[in-house]
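Listed below are the residues making up each chain.
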Amino acid sequence: MTIPKLKIRDLVAKIPIIQGGMGVGISLSGLASAVANEGGIGVIAAAMIGLNETDIYSNFKEANIRALQREIRKAREATKGILGVNIMVALTNFADLVKTSIEEGIDIIFSGAGLPLDLPKYVKDGINTKLVPIVSSARAAKAICKRWLSRFNSLPDAFVVEGPLAGGHLGFSADQLDRPEFSLEKLVPEVVEAVIPFAEELQVDIPVIAAGGIYTGADIHNFLQLGAAGVQMATRFVATHECDADISFKQSYIDARKEDLVIIKSPVGLPGRAIRNQFLKDVEEGKKKPFKCPYHCISSCNCTDSPYCIAMALVNAKRGKLKKGFAFAGNNAYKVDRIISVKELISSLLDEYQKASYRPTVDYQPEFLMSAQAGAQVNIEGHVAGR
Ligand SMILES: Cc1cc2nc3c(=O)[nH]c(=O)nc-3n(C[C@H](O)[C@H](O)[C@H](O)COP(=O)(O)O)c2cc1C
């Protein structure tokens, strides 16, 4: 059985794999274009993308716009495949980054870390950029659908549902992270079911993409069986030659042990998953002191009380200065044992997918699929199409 394609309206990715956006500076044009060239969807992370601009302190707004334009253009020169930009709602320059991405003709905007309730207002008639919110619950997906329908008479072109095993900032409280009712296996069918009535109302498909802890081709197979139309993976793409981070950042994944993957309380006000290092130990022990905020980059950041600047810490990590920062990583980062090319990674995922698809499927049919069959059709590509 060959792997199904991922359709997001008129965009068709040959393989249903999205490379998750990774800030700060971890997924830029290098990684995104490599993934797009292999038939997946490559995503540039927009958070603090102007980090290398000489005027980033004095001209935060323009520096970020300029760097984003440049990365999108560089990626576009390197691939004819599908490219996205990840723009977190919590960024203070969210509107600038959205407008710039649309002006540059980006294929898809992925947006999480808050509910992108007003995202469609930036998309004028004739613009073909797709809008894909990242959510962590069916409730959030419904809230976005309701708002977009009532205010804009539109719906998301797809949803990414990110579960508790993901890297970076997480859309759960710390006590929810280990509870079975918040597992990605539970969330995916719930989100698929939640969007069916909305999709039916506008007679559109809303593919649901699973993210967080997906590591092998067998995992991909499992989530497609659960109703996902595709997967978003980030951690695995860090340990590739094409990833835009410094080699020490990649090496920190190879060196990480299971017990090094920890949940931190980020200054942004959300829990985050990262690799514990001396910097984070110092933070835990109260050795870091509040600082002056250089960028005002995240609206929810409690920078007056925070023991460190998250933007500076992540920029340092991207540059390989891990003594002055730390690496975000998904729960499975400890499994990474070497750096390979994006091509090798994707081909091994496809092999594993193939093998998994020959195994007898688990005797499990999510309840929503049985109840949904009357009104909605599960198409051969694995996602529920509203009819
Ligand atoms: C280093 C790193 C940085 C990340 N940065 C962002 C980001 O800037 N914006 C975002 O929406 N998600 C971010 N994420 C989450 C990923 O896009 C992705 O959804 C998630 O990590 C998937 O889980 P996986 O890493 O287990 O594959 C980040 C993840 C990692 C590992």
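Below is a short write-up of the structure. If you're wondering where the values come from, they're calculated on a predicted model, not measured in any experiment.

This part is about the packing of aromatic side chains. Here the structure, examined in full by the defined rule, presents seven aromatic pairs. Summarising the aromatic geometry, the rings of Phe326 and Phe328 are spaced 5.4 Å apart at their centres and angled 85° between planes, so their arrangement reads as edge-to-face. You can call Phe326 buried: its relative accessible area is 0%. Ring pairs connect the aromatic residues Phe279, Tyr308, Phe326 and Phe328, which therefore count as one cluster. Its guanidinium or amino end placed over the ring of Tyr215, Arg236 lies 4.1 Å from that ring's centre, counting from NZ or CZ. If you follow Lys335 out to its NZ or CZ, it ends over the ring of Tyr215, 5.5 Å from the centre.

Here we take up the environment of Leu83. Within the secondary structure, Leu83 is located in strand β5 (residues 82-86). A relative accessible area of 0% places Leu83 in the buried class. Through-space distance from the C-alpha of Leu83 to that of Tyr353 is 23 Å; in sequence the pair is 270 residues apart. Apart from residues lying up to four places away in sequence, Leu83 is in contact with Ala32, Ser33, Ala36, Gly42, Ala75, Arg76, Ile106, Asp107 and Ile108.

Turning to the side chain of Lys318, a few remarks are in order. On the secondary structure map, Lys318 appears in helix α10 (residues 310-318). For Lys318, which is buried and forms no salt bridge, the nearest opposite charge comes from Asp244, at a distance of 6.0 Å. Each residue touching Lys318, except ones within four places of it in the same chain, is listed here: Val24, Gly25, Ile26, Leu28, Leu51, Asp244, Ala245, Asp246 and Phe249.

Taken together, 20 residues lie near the ligand, and Gly21, Glu162, Gly213, Gln232 and Thr235 sit nearest. A distance of 2.9 Å is found between an oxygen atom of the ligand and a side-chain nitrogen or oxygen belonging to Asn86. Gln232 is positioned such that a nitrogen or oxygen atom in its side chain is 2.8 Å from an oxygen atom of the ligand. Considering the ligand on its own, with 600 Å² of exposed area, one finds that the protein chains cover 96% of that surface. Of the residues belonging to the shell around the ligand, the class tally is ten nonpolar, nine polar and one charged.

Let us look at the side chain of Asn64. Tracing the chain through its elements places Asn64 in helix α2 (residues 60-78). Excluding anything up to four places from it in sequence, Asn64 contacts Met48, Ile49, Gly50, Ile56, Asn93 and Leu97.

We now examine the packing of helix α4 (residues 138-152) against helix α5 (residues 184-202). Orientation of α4 relative to α5, taken along the N-to-C sense of each, is 15°, at an axis distance of 8 Å. By the angle between their axes, α4 is roughly parallel relative to α5. When you trace α4 past α5, the crossing you get is right-handed. Note on element contacts: α5 touches α4 through Glu190, Val191, Ala194, Val195, Phe198, Glu201 and Leu202, opposite Ala138, Ala141, Lys142, Cys145, Lys146 and Leu149.

Criteria and cut-off values
- Residues numbered from 1 in each chain as written.
- Predicted model: local features only at pLDDT ≥ 70, side-chain atom pairs only at ≥ 80, totals over all residues.
- Heavy atoms only, no water.
- Phe/Tyr/Trp six-rings, centres within 6.5 Å; stacked < 30°, edge-to-face > 60°.
- Buried < 20%, exposed > 50% of the residue type's maximum accessible area, 1.4 Å probe, protein only.
- Lys NZ or Arg CZ within 6 Å of the ring centre and 35° of its normal.
- Helix = DSSP H or I, 4+ residues; strand = E, 2+ residues; numbered from the N terminus.
- Contact = heavy atoms within 4.5 Å.
- Lys, Arg positive; Asp, Glu negative; His and termini not counted.
- Salt bridge = Lys/Arg side-chain N within 4 Å of Asp/Glu carboxyl O.
- Near = heavy atom within 4 Å.
- Polar contact = N/O pair within 3.5 Å; in protein donor to acceptor, adjacent residues only side chain to side chain.
- Areas by Shrake-Rupley, 256 points an atom, 1.4 Å probe, with all protein chains shown as cover.
- Nonpolar A, V, L, I, M, F, W, Y, C, P; charged D, E, K, R; others polar.
- Axes fitted to C-alpha atoms, helices over the stretch in contact; angles between N-to-C directions.
- Parallel < 35°, antiparallel > 145°, perpendicular 65-115°, else oblique.
- Left-handed = near helix turned anticlockwise from the far one by under 90°.

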